[in-house]
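# A closer look at the structure
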Amino acid sequence: MNRREFFIKVVSPALFTVALFLIWEAICRVLKLPLTILPPPSAVFGALWQFRAPIIDNSYVTLWTTLAGFLIATVFGMLLGIAIGWHRAIYAGIYPVLIGFNSIPKVAVVPVLILWFGLGEVPAIITAFLISFFPIVVNVATGLATTEPELEDVLRALGASKLDIMRKVGIPRSLPYFFGSLKVAITLAFVGAVVSETVGANKGLGKLMLDAQAGFQVPIVFAGLLVLAALGIILYAITAAIEYRFTRWAFRGQHR
Amino acid sequence: MTALVSLDKVSMAYGRGATATRAIEEVTLDIAHGEFIAVVGPSGCGKSSLMKLISGLHPPLSGTLTLEGKPITSPIKAVGMAFQNSNLLPWRNIVDNVLLPLEIVQPHRSRMRSERAQYRDKAVKLLESVGLKGFTDRFPWELSGGMQQRSSICRALIHEPEILMLDEPFGALDAFTREELWCTLRDIQAARKVTVMLVTHDLREAVFLADTVYVMSNRPGRVIRRCSVNLPRPRDLEVTYTPEFQDIVHELRAAIGGRH
């Protein structure tokens, strides 16, 4: 990494983040906002440090329910995407149902899940899964559908079966779409888990924030939001790194 | 010479019933073993459809279509194809791209695992023979258009097909690169005695390379002229400036017609 690149990739985002906190702090101080409306970053970081033990504890729960839901979504989304990309009849049959399903706000489903599985991690995992599998399905199916017809002709003339074409061309070709969708899916899964926790749970960051809000401990609510943002960035960065590792050929030109 | 491929009054259409579009109308032609034929004609005259027909990817509507006397009913494996777009897989390097057909077609497919090294050597030799020495481990996007097209032709040849089918393979290249590739193709055909069917817009290309040139009419495509090119082989690029060559090109141009 040369100096210019170091500036763009490290210094620039760091400066921007610090500036954001400073402006926030300044606004709170100038307008003399009460802690219960908008606590300044200094109070938020103070709460973060003071309540670090319960925050870490609850973050752990949110993190693992997110990852569990995300993993299920990955496997299920990939399989369903391949099925949809496989044949137009499957595509035509499943697609409307899928879109209808995706249109349902997942918040509305959480009470039903709690009814079925009780308060605990299971509703959070299922919500994370339900909210995050859709982009994976759509992207995998798109990747498969955009296989060049000429290349398909070349292979079919050689006696390639549908499975051969999928294995040699369709699936490798849809990998950049698949990994691209994982970046979207991981953040969605995170949202799903937290939403489920805020509707009803006995642990997790969402539950922590809900309790803090009930006690008017607004700095803790904001500390929770800050942790959520940080975890979201970390999860995104990990999936982006995995994407780059596995589909480097698709990044040609940008990173060479 | 016996005919390798034989078409007798073959018609072909896309779609069915009243909405079907006729692509080819009663085409009769023979392709001999080792012959180099070129098919020329205006855009959309069904040249590419003819390729689909002969490779068995699309069934004829009527007429008989045979390969070595046997009717063509399903895709024939003895064909290698290359198109205007090289269609190389960007996640494979050049040599792995060339090996792709061997992973599909029998008997190579089952031997691929145990004899990969030998197959790889064969692919490398083939690539070197078309002037790609030192580029075999590169990725397609690192190569120029002409080099990609050479690789694409190697991919079409690796399983030693009886017929090489080329659909405007040099259409996207600049004039100088195109002439270089004509010579490459000429040498490949001379060395391997492979039967070639070349679909092209370029009359000079057709006359320079082919033994027989077929001119097709506007859609639905019919063969309106068959022209034997009796220029002696091996042909040099210089031949394209001779009056004999120009006469044949002129004659073909007149047959295609259109406004001038």
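Structural notes, computed from the coordinates. (Residues numbered from 1 in each chain as written. Chains lettered and ligands numbered in written order. Predicted model: local features only at pLDDT ≥ 70, side-chain atom pairs only at ≥ 80, totals over all residues. Heavy atoms only, no water.)

### Let's talk about the interface of chain A and chain B
Across the contact, 20 residues belong to chain A and 23 residues belong to chain B. Buried surface at the junction of chain A and chain B, summed over both partners, amounts to about 2,100 Å²; 69% is from carbon and sulfur atoms. Two residues, Arg 109 of chain B and Asp 164 of chain A, come together in a salt bridge whose shortest N-O distance is 2.5 Å. At the junction of chain A with chain B, the criterion picks out four residue pairs in polar contact (both at pLDDT 80 or more). Counting residues per element, the ones that place at least two in the side of chain A that touches chain B are helix H7 (149–157) and helix H8 (162–199) of chain A. Split by residue class, the side of chain A that touches chain B holds nine nonpolar, one polar and 10 charged. (Contact = heavy atoms within 4.5 Å. Buried area = accessible area lost by both parts, 1.4 Å probe. Salt bridge = Lys/Arg side-chain N within 4 Å of Asp/Glu carboxyl O. Polar contact = N/O pair within 3.5 Å; in protein donor to acceptor, adjacent residues only side chain to side chain. Helix = DSSP H or I, 4+ residues; strand = E, 2+ residues; numbered from the N terminus. Nonpolar A, V, L, I, M, F, W, Y, C, P; charged D, E, K, R; others polar.)

### Looking at the nonpolar core
Residues and elements named next belong to chain B. In terms of nonpolar packing, the biggest core is built from 52 residues, with Ile 153, Leu 164, Leu 166, Val 207, Val 213 and Leu 252 touching the most fellow members. Of the domains in this structure, domain 1 (32–78 + 163–245 + 251–257) and domain 2 (88–161) are the two that each give at least three residues to this core. For Leu 166, the residues in contact, after removing those within four places along its chain, are Met 51, Ala 82, Ile 153, Leu 185, Val 196, Met 197, Leu 198 and Val 199. (Core = buried A, V, L, I, M, F, W, Y, C linked by side-chain atoms within 4.5 Å. Buried < 20%, exposed > 50% of the residue type's maximum accessible area, 1.4 Å probe, protein only. Domains from an automatic or database assignment.)

### Observations regarding the pattern of salt bridges
Tallied over the entire structure, the rule returns 24 salt bridges over all chains. The partner of Arg 150 of chain B in a salt bridge is Glu 180 of chain B, with the nearest N and O atoms 3.1 Å apart. Of this pair, Arg 150 of chain B sits in helix H5 (residues 145–157) while Glu 180 of chain B sits in helix H6 (residues 175–192), and the two are 30 residues apart along the sequence. Its relative accessible area of 12% is what places Arg 150 of chain B among the buried residues. Note on Glu 180 of chain B: relative accessible area 47%, which makes it partly exposed. Here the residues in one salt-bridge network are Lys 168 of chain A together with Arg 92, Asp 96, Glu 103 and Arg 116 of chain B, joined through shared partners.

### Notes on the state of the cysteines
Residues and elements named next belong to chain B. The full count for this structure, using the stated rule, is zero disulfides over all chains. Considering cysteine sulfurs only, Cys 183 is the nearest to Cys 154, which forms no disulfide, with 16 Å between them. Given the relative accessible area of 0%, Cys 154 is considered buried. (Disulfide = S-S within 2.5 Å.)

### Concerning helix H4 (residues 88–103) of chain A
One turn of the α-helix equals 3.6 residues, which is why residues spaced by three or four share an orientation. With 16 residues, H4 of chain A should cover 22 Å at 1.5 Å per step; its first-to-last C-alpha distance of 22 Å lies within 8% of that length. The largest bend in H4 of chain A amounts to roughly 35 degrees and is located at Ile 94 of chain A, with the proline Pro 96 of chain A lying one to four residues further along. (Expected span 1.5 Å × (residues − 1). Bend = angle between axes of the 7 residues up to and from the residue.)

### Thoughts on the packing of H4 of chain A against helix H6 (residues 121–145) of chain A
Residues and elements named next belong to chain A. Interaxial distance between H4 and H6 falls to 10 Å at its minimum, and their mutual angle equals 140 degrees. Relative to H6, the crossing made by H4 is left-handed. Contact with H4, carried on its side by Tyr 95, Leu 98, Ile 99, Phe 101 and Asn 102, involves Leu 130, Phe 133, Phe 134, Val 137 and Val 138 of H6 and no other residues of that element. Looking at the contact of H4 with H6, its residues break down into nine nonpolar, one polar and no charged. (Axes fitted to C-alpha atoms, helices over the stretch in contact; angles between N-to-C directions. Left-handed = near helix turned anticlockwise from the far one by under 90°.)

### Examining the packing of helix H9 (residues 205–214) of chain A against helix H10 (residues 218–246) of chain A
Residue and element names in this part refer to chain A. Running from N to C, H9 and H10 cross one another at 160 degrees; their axes reach a closest spacing of 8 Å. It follows that H9 is roughly antiparallel to H10 by the angle criterion. As for the relative orientation of H9 and H10, their crossing is left-handed in sense. From H9, Leu 205, Met 209, Ala 212 and Gln 213 reach across to H10, where they touch Ile 220, Val 221, Gly 224, Leu 225, Val 227, Leu 228 and Leu 231. Partitioning the contact of H9 with H10 into residue classes produces nine nonpolar, two polar and no charged. (Parallel < 35°, antiparallel > 145°, perpendicular 65-115°, else oblique.)

### Topic: the sheet that holds strand E4 (residues 62–67) of chain B
Residues and elements named next belong to chain B. Ordered by their spatial adjacency, four strands build an open sheet running E2-E1-E4-E5, and the pairing between neighbours is antiparallel. The sheet terminates laterally at strand E2 (21–32) and strand E5 (70–71), the two strands that pair on one side only. Direction of pairing for E4 relative to E5: antiparallel, over a ladder of two bridges. Across the sheet, Leu 67 pairs through a bridge with Lys 70, a residue of E5. Contacting strand E1 (3–14), E2 and E4, helix H1 (residues 47–54) runs over the sheet at an angle of about 120 degrees to E1. (Pairing = 2+ DSSP bridges.)

### So, the side chain of Gln 189 of chain B
Residues and elements named next belong to chain B. Relative to the elements of secondary structure, Gln 189 occurs in helix H6. For Gln 189, a relative accessible area of 8% puts it in the buried group. For Gln 189, the contacting residues outside a window of four places in its chain are Gly 34, Glu 35, Phe 36, Val 194, Val 196 and Arg 233.

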